[in-house]
Amino acid sequence: MRYPWTAVPLLVLILSCSQKNNHLITIKETEISISKIDSFISSKIDSTKLVGVSVSIVNGNKIVYSGHFGKKNFESEKKVTDQTIYEVASLSKPVFTFFTLKQVEKGILDLDEPLYKYLPNPDIGYDDRYKQITARMVLCHSTGFPNWRKKNDSLRIKFNPGSAYGYSGEGYEYLKNVLVKMLETDDKGLDSIFQKEITEPLGIANFSFTWRSAYLENKAHGHYNNRPTDNSYHKSKSFFKEKGPHLFASSYSLYSTSNAYAKFIIALLQKRILGPDTFDELFRPQTEMPIFPDTKTHRSLISFIKKTPDGLRYFHTGDNGDFQAWTHFYPNSGFGIVILTNGDNLFSSGFAEDLLILLDESVGKN
């Protein structure tokens, strides 16, 4: 076949793009082949006994890699696909923070107004120190609340609010209840507002804090020791009232695919939906992390921040027990990654760390 000379440069460009599509550029601007990443993850599935894993990588404000491996249920032959929905556990928190900052922009909430003025909390009403707690303290994990109170225990404050760091899902649930009150809705309605104000403008599907019947076919089963757990619509902590499929748990109930969460990361990198001043506040280091004295780690409103040779890494982990997850991104370079699994050994297996090393990222070990 003969081509007119004017078509030759176009043909060369098409071939060049096709070749580039077989590789991705790492944060250090080196190339790595897609097949090498696929082979690595496949081998790790076998060697670490991960049940299923989905990995999405972002660079240049687009998803440059989307890989899905293993099984939705260890006891069946149903494979993980790009449509597989996971519980992303505490990766819910950055998304809820983003939603909260939207309410701050609307004037519904002030970051530094004590939350009791919007909604008193009878669970901690016996301790007046709770009246110091603000939305900023919740998002920075400095409320003094425990992560979760034990079954049948009362809620307690471990240190004066705002004086120290202490990771707390309890704080997030209090803040969620404040938003429910201020927006004059319920859990189901809150997710509807979230869809209208966040997911729909961003064009993100399969991204919801509350259960949808459409998820049943594609949702992965969680696993402990490779044994599938109950895959019902929610497994709330024992001290929450039973709310059925409409439970909106700001700290752990987000359902997502890896690509959907990657699109949220892209929205952060592109600074969409929220205004420039809000993003400055969102990304600003707010709280030092004394539990990591040698790693230069801080807490921002949206996530943890670590200074690395690759730049400031904003990161968060998620662990619902039978689902575990990891995400991080670098605002200055536009690089990010999402790892979702339907088991209890993402962190113990070293999978995430080894994948980062493969991708030429700095993780503190050779």
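Everything discussed here concerns the structure shown above.
None of the values given here were measured: they were computed from a predicted structure. (Residues numbered from 1 in each chain as written. Predicted model: local features only at pLDDT ≥ 70, side-chain atom pairs only at ≥ 80, totals over all residues. Heavy atoms only, no water.)

Draft legend 1. Representation of the packing of aromatic side chains. The full count for this structure, using the stated rule, is 26 aromatic pairs. When the ring of Tyr-116 is compared with that of Tyr-130, the centres are 6.3 Å apart and the planes differ by 70 degrees; the resulting orientation is edge-to-face. You can see Tyr-116 sitting in the loop between helix H3 (92-105) and helix H4 (135-139) and its partner Tyr-130 sitting in the loop between H3 and H4, a full 14 residues away along the chain. Aromatic pair Phe-194 and Phe-207: ring centres 6.2 Å apart, planes at 35 degrees, arrangement tilted. With a gap of 13 residues between them, Phe-194 in helix H6 (residues 187-202) and Phe-207 in strand E6 (residues 207-208) connect regions that are remote in the sequence. By relative accessible area, which is 0% here, Phe-194 ends up buried. (Phe/Tyr/Trp six-rings, centres within 6.5 Å; stacked < 30°, edge-to-face > 60°. Helix = DSSP H or I, 4+ residues; strand = E, 2+ residues; numbered from the N terminus. Buried < 20%, exposed > 50% of the residue type's maximum accessible area, 1.4 Å probe, protein only.)

Draft legend 2. The arrangement of the packing of H3 against helix H8 (residues 276-283) in detail. Where H3 meets H8, the axes come as close as 11 Å, and the angle between the chain directions of the two elements is 135 degrees. In terms of orientation, H3 lies oblique with respect to H8. Considering the relative orientation of H3 and H8, their crossing is right-handed. Listed contacts from H8 to Thr-97, Phe-98, Leu-101 and Glu-105 of H3 are Thr-278, Phe-279 and Leu-282. Residues belonging to the contact of H3 with H8 are distributed by class as follows: four nonpolar, two polar and one charged. (Axes fitted to C-alpha atoms, helices over the stretch in contact; angles between N-to-C directions. Parallel < 35°, antiparallel > 145°, perpendicular 65-115°, else oblique. Left-handed = near helix turned anticlockwise from the far one by under 90°. Contact = heavy atoms within 4.5 Å. Nonpolar A, V, L, I, M, F, W, Y, C, P; charged D, E, K, R; others polar.)

Draft legend 3. View of helix H5 (residues 169-182). Given a rise of 1.5 Å per residue, 14 residues ought to cover 20 Å, and the 20 Å separating the end C-alpha atoms of H5 matches this to within 8%. Burial analysis of H5 places 11 of its 14 residues in the buried class, which makes it a mostly covered element. As for H5, its buried residues are in contact with H3, H4, H6 and strand E11 (297-299). The residue sitting at the N-terminus of H5 and contributing the capping side-chain oxygen is Ser-168; that oxygen lies 3.3 Å from the backbone nitrogen of Glu-170. Count one or two residues on from H5 and you reach Glu-184, which has phi positive near 55 degrees. (Expected span 1.5 Å × (residues − 1). Polar contact = N/O pair within 3.5 Å; in protein donor to acceptor, adjacent residues only side chain to side chain.)

Draft legend 4. Representation of the sheet that holds strand E9 (residues 255-256) in the model. Spatially, three strands are ordered E5-E9-E6 in an open sheet, and the strand pairing comes out antiparallel. With one partner strand each, in any of the chains shown, strand E5 (86-87) and E6 form the two edges of the open sheet. Looking at chain direction, E6 and E9 are connected through two bridges and run antiparallel. Bridge pairing in E9 links Phe-207 to Ser-256. (Pairing = 2+ DSSP bridges.)

Draft legend 5. The side chain of His-328, seen in detail. Take His-328: it is sitting in strand E14 (residues 324-330). Residue classification places His-328 among the buried positions, given a relative accessible area of 0%. Once residues within four sequence positions are removed from consideration, His-328 is found in contact with Arg-313, Tyr-314, Phe-315, Phe-335, Gly-336, Ile-337, Leu-356 and Glu-361.

Draft legend 6. Looking closely at the pairing of E14. Of all seven residues in E14, seven are buried; the element is thus mostly enclosed. Side-chain alternation along E14 places Gln-324, Trp-326, His-328 and Tyr-330 on one buried face and Ala-325, Thr-327 and Phe-329 on a second face that is also buried. Connecting the antiparallel pair strand E13 (residues 311-319) and E14 is a turn made up of four residues, with Gly-321 showing a positive phi of about 90 degrees. Strand direction decides the pairing type here: E14 and strand E15 (residues 335-341), joined by seven bridges, are antiparallel. Its bridge partner being in E15, Thr-327 is matched across the sheet by Val-338. What sits between the antiparallel neighbours E14 and E15 is a turn of four residues, in which Gly-334 has the positive phi angle 75 degrees.

Draft legend 7. Summary view of the environment of Asn-121. Along the chain, Asn-121 turns up in the loop between H3 and H4. With 56 residues separating them along the chain, Asn-121 and Asn-177 place their C-alpha atoms 9.4 Å apart. Aside from chain neighbours lying at most four places away, what touches Asn-121 is Tyr-130, Leu-155 and Tyr-174.

Draft legend 8. Geometry of the environment of Ser-33. For Ser-33, the position within the fold is in strand E2 (residues 31-33). Take Ser-33: its relative accessible area is 19%, and that puts it in the buried class. When the C-alpha positions of Ser-33 and Asn-22 are compared, they lie 5.8 Å apart, and in sequence the two are 11 residues distant. Setting aside residues up to four positions removed in sequence, Ser-33 forms contacts with Asn-22 and His-23. Among the polar contacts made by the side chain of Ser-33, one reaches the side chain of Ser-35 at a distance of 3.2 Å.

Draft legend 9. Region of the structure containing unusual backbone geometry. For Ala-89, which is not a glycine, the phi torsion comes out positive at approximately 55 degrees. Owing to a relative accessible area of 0%, Ala-89 belongs among the buried residues under this scheme. Of note in this structure, Lys-271 is not a glycine but carries a positive phi near 55 degrees.

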